[in-house]
Amino acid sequence: MSLTAEKIETKAALSTEEMVLNMGPQHPSTHGVLRLELLLEGEIIKKVTPHIGYLHRCFEKHAEVMSYPQVIPYTDRMDYLASMGNEFGYAIAVEKLLDLKIPERVEYIRVIMAELQRIASHLVALGTYGADLGAFTPFLFCFRDREKILSLFEMTCGARLLYNYIWVGGVSHDLHPDFIRLAKEFVHYFKPKVVELNDLLTNNQIFIERTANVGILPVDVAINYGITGPMLRGSGMKWDLRRNDPYSIYDKFDFDIPVGEGLVGTVGDSWDRYYVRILEMGESLKIIEQALEQIPEGDISSAIPKRVKPPVGEVYARVENPRGELGYYIISDGSVNPFRVKVRGPSFVNLGVMDELCRGLMVADVIAILGSIDIVLGEVDR
Amino acid sequence: MIYDYLFNLIGSEFLAGLICSFLPLFLFILPFALFAVWWERKISAHMQDRLGPMRTGWHGWLQTIADILKLLQKEDIIASDADKPLFNLAPVLVFTGSYAVFAAIPFSGAFIGANIDLGLFFIIAVSGLVVAGILMAGWSSNNKYSLLGAMRSAAQIISYEIPTMIVVVTIVMITGTLNLNTLTEMQTGYFWNWMIFGGPGFSAEKFLFIPFMVIGFVILYLSTLAEVNRTPFDIPEAESELVGGYHTEYSGMKFAMFFLSEYANMFAVSAIVAAVFFGGYQSPFGYLGNTLGVEGLIPFEQFFWFTAKGLFFIFVQMWLRWTLPRLRVDQLMALCWKYLIPISIVNLLIVGLITVL
Amino acid sequence: MQYFRNIFSSLSTVFIGMKVTFKHLFEPAVTIQYPDVRLTLPERERNRLYVNMDDCIGCDQCARACPVNCITIETVKSLPEEDLGKTSNGKKKVLWVTEFDIDFAKCCYCQLCVFPCPTECIYMTDVFEFSEFNRKDLNYSFITLKPEEVAQKKENFAKMEAEKTAKKLEAAKLAAEKKASEQQQTPKEN
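Here is what the cut-offs are and how they apply
- Residues numbered from 1 in each chain as written.
- Chains lettered and ligands numbered in written order.
- Predicted model: local features only at pLDDT ≥ 70, side-chain atom pairs only at ≥ 80, totals over all residues.
- Heavy atoms only, no water.
- Patch = residues over 30% accessible without salt bridge, like charges linked within 9 Å, V, L, I, M, F, W, Y side chains within 5 Å.
- Areas by Shrake-Rupley, 256 points an atom, 1.4 Å probe, with all protein chains shown as cover.
- Salt bridge = Lys/Arg side-chain N within 4 Å of Asp/Glu carboxyl O.
- Lys, Arg positive; Asp, Glu negative; His and termini not counted.
- Charge placed at Lys NZ, Arg CZ, Asp CG, Glu CD.
- Helix = DSSP H or I, 4+ residues; strand = E, 2+ residues; numbered from the N terminus.
- Buried < 20%, exposed > 50% of the residue type's maximum accessible area, 1.4 Å probe, protein only.
- Contact = heavy atoms within 4.5 Å.
- Buried area = accessible area lost by both parts, 1.4 Å probe.
- Polar contact = N/O pair within 3.5 Å; in protein donor to acceptor, adjacent residues only side chain to side chain.
- Nonpolar A, V, L, I, M, F, W, Y, C, P; charged D, E, K, R; others polar.
- 1 Å grid on protein atoms, 1.4 Å probe; cavity = no way out; pocket = protein on both sides within 12 Å on 5 of 7 lines; lining within 4 Å.
- Points joined across faces, edges and corners; volume = space filled by probe spheres on them.
- Pairing = 2+ DSSP bridges.
- Axes fitted to C-alpha atoms, helices over the stretch in contact; angles between N-to-C directions.
- pLDDT = per-residue confidence, 0-100.
- Phe/Tyr/Trp six-rings, centres within 6.5 Å; stacked < 30°, edge-to-face > 60°.
- Lys NZ or Arg CZ within 6 Å of the ring centre and 35° of its normal.

1. Regarding a positive patch on the surface
Residues and elements named next belong to chain C. A cluster of basic side chains, namely Lys77, Lys164, Lys167 and Lys168, defines a positive patch on the protein surface. Residue contributions to the positive patch peak at three residues, all from helix 3 (residues 147-189). Along the chain, lysine 164 turns up in helix 3. According to the relative accessible area criterion, lysine 164 is partly exposed, its value standing at 44%.

Dropping the structure here:
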């Protein structure tokens, strides 16, 4: 009796008609604690269900009991690979509520930091993407270059990853006297490294075979899902908040918006998204160069209020994070603590399109697609 | 010949043959596998602008020994639903398959494990044991991931044996022998007598052969790279895709056996490529022993050249591993069936035509 | 035709990649061998906090600024005749600090406590190698008073408070008696 029951069970468990494969929370390629439940038929995927929430740390609830400046370390920790961007968005939102005018030097410093952070974040994305696909060397090269950026940050504010640097009304420390010289040296150092990365990974035929025509995202589908950032630009749409809805002083700089053109495959495949990130790093270098030339002198702490107590009101402010549009919706009830801080995390919205992209592809492609979406679980779960 | 020497010493043919076949295993291959692991870590580290193991011994050369000691102490975990006899047998098969090929490879003029007339054929046949071992490992682990990995690996190895065999047939057409010792002896002299430069002798035929020999070399190298599961063909053991493939469930010494057999396999394959195309143990410039008049030096020199060529090809294998991303399974199969096999067949036909005419 | 183009592009890109890696084989490594060689950290480095108790006036600003509530401060008023000295920038200290605990397991190293301090007695050092086996050992206590001194200060304060309340009560009683007697007199006069 029991023998037949066992037989039937093992047959079901080992049958390859329709199999549920769990790429569990602990997996080398899921960029954090993400659980992907794949419904497979042989090697072909029929449905992908992402399960999230393993990294939920109640950011929005914390924000309700902290005072406005105390929330900034918490915003750092959402997207921990692009912390400057998070702080920037929050600071802009609160300054809108307070109607503060920021000194020009502060604006320039913020833009330089945000663009350096964009390069660092894209380096992680590209490096880990290569590592997922089996090319281990570009990963280490990217991290070596990122170390230079992190040491620039360390020199300015003392921390390498979670800065608490961009405050409401200004920044916490003025630039170190050596910063401008070292930043210019970095820009000079980094340009040939992008060429090297292209040689090693971007133009490699095997890499192209793995990523071209995989995970094609048509533009209308992307807009319907609310995708922003390099994913949207990879699908061909020229939409960048720094150009279309300028905040801070981005309208003073001259830079291009790279768009995916389907150079090796169709428009909107994983290679395009990857290539858009590489081109964006070049554009960020341009912005940093211009900012370093134009930065004025000034007092950075003149606009920082003693107590942040905005009037009753609500504001929605958005910035272009390396992963997409990061939005803060803050409701203030006139006290020192915000009433509600709601964050629109780009990785959370971008992850939603996973199922649509993976239909009909193979298991190995899921990893290629997930890497090209570039999620950070801290932002997905907050 | 070491075999004759032992035979005269011991008197028993069986014992002499036994010791002769085990000698390469214990004296050379096992220490070599340990060295190869260290070397790979150092090469990969320097290619990636870092240092690699530095603290265990001078520049970390004792690192592999430390790893083996650690693996020996690990608990041997067997899943309760795993098929125990097969689970235990699989690493043994893979290990045996990888090491048995060394019996037919000439290490130097004085030493060959077993002078088999069907050397190349024997090697390809014994490599099939590895496939059986891998399938056993995947199946008996009772794990979806391992099964998938084992199936893929088996498909990969079996498909890539075909271009290997076709290139071997090409060589046989030119030289007329499958015996690796004879093949190596045919390539005496200087480096222009090597097969890759068309083979011994000096004729119009030789120069005609050269481009096809080069193509044959590339095909053979790629196919054997796929047979040992190295990147870009390392889907079966891809860590980031299937958490380790067919050896996910193994721990401790059994895992060490898979690991060591991979490096031994790498050396075996490099040695075969060197023996077939690059003159085996022959030196490219003539022997110091000959110029100095010391005859006894020659076998050692030959051994040195053999090891050097093997190491060079292993270096190229490691170089490829740390440069290239991985191919997907269907792309791997497409590479074999749509590119390597047709090209090798065309190669064979043309070489055949040239030999006849 | 695409077939041969594929072969050519694969081989050429593979060789270009190999050239890059080979070049890197001969470049010096960027790793430093950590315990033997250490980096000099920049001056603004944010690692473990340090509190200079001689300068602390017990104002509680740092504890209030901390976003994770890792600083616990408890103070006791000193007696009027006691002289606690001055801080290094001239402020006169009037509070005994009887508890100043920072829990470094909770601290997020954000530096928000450093800015509000009026005497700059709390600051971040560059010590980052302070791991412990026991999590409770990460709860650092910075006070310089010994436990019996702490107990004594609290006792003194309690006594002073008791005396004060006693005096107040007495004064209130006297005042009440005085008022009562005044009230008695005035209606009589009227």
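The rest of the description comes next.
2. Some points on the interface of chain A and chain B
Where the parts come together, the accessible area they lose is often given as the size of the interface. The interface is formed by 31 residues belonging to chain A together with 25 residues belonging to chain B. Between chain A and chain B, roughly 2700 Å² of surface is buried when both sides are summed, and carbon and sulfur atoms account for 59% of that area. Summed over the shared surface of chain A and chain B, the number is two salt bridges. A:Asp365 is paired through a salt bridge with B:Arg328; the nearest N and O atoms lie 2.6 Å apart. Run the count over chain A and chain B and you get six residue pairs in polar contact (both at pLDDT 80 or more). Tallied by class, the residues present in the side of chain A that touches chain B amount to 19 nonpolar, six polar and six charged.

3. Concerning unusual backbone geometry
Positive phi, normally seen in glycine, also occurs at B:Asp49, with a value near 65°. The topology assignment puts B:Asp49 in the loop between helix 2 (13-47) and helix 3 (63-73). Notably, C:Gln111 is not glycine yet its phi reads approximately 75°, a positive angle. Summarising the element assignment, C:Gln111 is placed in the loop between strand 3 (95-103) and strand 4 (122-124). Residue C:Gln111 is classed as buried on the basis of its relative accessible area, which comes to 10%.

4. Focus on empty space enclosed by the protein
All names here are of chain B. Tallied over the entire structure, the rule returns five cavities of 30 Å³ or more. Residue lining of the largest cavity: 18 residues in total, with Ile123, Ser127, Glu227, Val269 and Ile272 positioned closest to the centre. Breaking the lining of the largest cavity down by element, the ones donating at least two residues are helix 5 (119-140), helix 6 (144-175), helix 8 (204-227) and helix 10 (253-277). A per-class count over the lining of the largest cavity returns 13 nonpolar, four polar and one charged.

5. Structural notes on the sheet that holds strand 3 (residues 44-51) of chain A
Residues and elements named next belong to chain A. Reading across from one edge, 1-2-3 is the order of the three strands in this open sheet, with antiparallel pairing throughout. Strands with a single pairing partner mark the edges of an open sheet, and in this sheet they are strand 1 (19-23) and strand 3. Between one strand axis and the next, the sheet turns by 20° as a mean value, whatever way the strands run. Relative to strand 3, strand 2 (residues 35-41) is paired through seven bridges, and the arrangement is antiparallel. Looking across to strand 3, one finds that glutamate 41 is bridged to isoleucine 44. Along the sheet face, helix 15 (residues 363-373) touches strand 1, strand 2 and strand 3 and points at about 145° away from the line of strand 2.

6. Notes on the pairing of strand 2 of chain A
All names here are of chain A. Going residue by residue along strand 2, you find Leu36, Leu38 and Leu40 tucked away on one face and Arg35, Glu37, Leu39 and Glu41 left uncovered on the opposite face. Alignment of strand 1 against strand 2, held across five bridges, turns out to be antiparallel. By the bridge assignment, leucine 21 is partnered in strand 2 with leucine 38. Between strand 2 and the antiparallel strand that follows it, strand 3, lie two residues; glycine 42 among them carries a positive phi value of about 70°.

7. Side note on the confidence of the model for chain B
All names here are of chain B. Summary statistics for chain B give a mean pLDDT of 81 and a share of 94% for residues scoring 70 or more. At the level of individual helices and strands, chain B shows its lowest average pLDDT in helix 9 (residues 239-242), which scores 52, and its highest in helix 13 (residues 329-356), which scores 88. The complex model carries a pTM of 0.87, and its ipTM stands at 0.82.

8. A few points about the packing of aromatic side chains
This structure, assessed with the given rule, holds 55 aromatic pairs over all chains. Note on A:Trp167 and C:Phe115: the rings are 4.8 Å apart at their centroids and 80° apart in plane angle, and the pair reads as edge-to-face. Of the two residues, A:Trp167 is situated in strand 4 (residues 166-167) and C:Phe115 in the loop between strand 3 and strand 4; the pairing between them involves two chains. Summarising the aromatic geometry, the rings of C:Tyr3 and C:Phe4 are spaced 5.5 Å apart at their centres and angled 85° between planes, so their arrangement reads as edge-to-face. A residue is classified by how much of its surface remains accessible, and C:Tyr3, at 26% relative accessible area, is partly exposed. Directly above the ring of C:Phe130 sits C:Arg48, whose terminal nitrogen or CZ lies 5.2 Å from the centroid.

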